[in-house]
Amino acid sequence: MSDCIFCMIGRGEIPASVVYEDDEVLAFDDIAPQAPVHTLIIPRAHYATVADGVPPETMLRVIEAIPRVAEAKGVAGSGYRVIINTGPDAAQSVHHFHVHVLGGKPMAEGMV
Ligand code: AMP
């Protein structure tokens, strides 16, 4: 989508601090980190949410990128949290499917 900010990052039209990339997915640091490590993983192709018909192969590639990001960011051993905000109640603000990888500090128990 031409006006989607994550599509633009995926096409290299907007700068990002890239952590991992291949032909299908891109991982880059969040511009407003909520933890010492806060990296986003996106498919290059546009899907609004995790429930927007993401092909299984693309979903697999996104999931496979999670441990790669954790390794690259140095949190594979200490642990990390993975979040996929979906829709209004989750306060999804960018409507291009993305996975948050958060870590680098002990986090509170629970999800919210
Ligand atoms: P969500 O609320 O799950 O939709 O998360 C969207 C995330 O995208 C937020 O954590 C934002 O800080 C992040 N974000 C928005 N624009 C950019 C950008 N240009 N580069 C990196 N992260 C961004």
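This section reports on the structure supplied with the text. Not measured: the values here are computed from a predicted model.

Thoughts on the site of the ligand
Close to the ligand lie 16 residues, the nearest being Asp 30, Asn 85, Ser 93, His 98 and His 100. Here an oxygen atom of the ligand and a side-chain polar atom of His 98 are 2.8 Å apart. Relative to its free-state accessible area of 510 Å², the ligand is covered by the protein chains to the extent of 84%. Judged by its atoms lying within 2 Å of the grid points, the ligand is housed in the largest pocket. Going through the elements one at a time, α1 (5-10) and β2 (25-29) are the ones with two or more residues in the shell around the ligand. The element best represented in the shell around the ligand is α1, accounting for three residues.

Regarding the pairing of strand β3 (residues 37-43)
By the criterion of burial, β3 is predominantly enclosed, with seven of the seven residues buried. Burial along β3 is two-sided: the face carrying Val 37, Thr 39, Ile 41 and Pro 43 and the face carrying His 38, Leu 40 and Ile 42 are both buried. As judged from the five bridges shared by β3 and strand β5 (residues 99-103), these two strands associate in the antiparallel manner. Looking at β5, one finds that Ile 41 is bridged to Val 99.

Some words on the layout of surface pockets
Within this model, the largest pocket holds a volume of roughly 340 Å³. For the lining of the largest pocket, the secondary-structure elements that each account for two or more residues are α1 and β2. The dominant element in the lining of the largest pocket, judged by the number of residues it contributes, is α1, at three residues. Estimates place the volume of the second largest pocket at around 220 Å³. In terms of lining residues, the second largest pocket is bounded by Asp 30, Gln 34, Ala 35, His 38, Arg 81, Ile 83, His 100, Leu 102, Lys 105, Met 107 and Met 111. Of all the secondary-structure elements, those providing two or more residues to the lining of the second largest pocket are β4 (80-83) and β5. Partitioned by chemical class, the residues of the lining of the second largest pocket number five nonpolar, three polar and three charged.

So, how was this worked out
Residues numbered from 1 in each chain as written. Predicted model: local features only at pLDDT ≥ 70, side-chain atom pairs only at ≥ 80, totals over all residues. Heavy atoms only, no water. Near = heavy atom within 4 Å. Polar contact = N/O pair within 3.5 Å; in protein donor to acceptor, adjacent residues only side chain to side chain. Areas by Shrake-Rupley, 256 points an atom, 1.4 Å probe, with all protein chains shown as cover. 1 Å grid on protein atoms, 1.4 Å probe; cavity = no way out; pocket = protein on both sides within 12 Å on 5 of 7 lines; lining within 4 Å. Sits in = over half its atoms within 2 Å of the grid points. Helix = DSSP H or I, 4+ residues; strand = E, 2+ residues; numbered from the N terminus. Buried < 20%, exposed > 50% of the residue type's maximum accessible area, 1.4 Å probe, protein only. Pairing = 2+ DSSP bridges. Points joined across faces, edges and corners; volume = space filled by probe spheres on them. Nonpolar A, V, L, I, M, F, W, Y, C, P; charged D, E, K, R; others polar.

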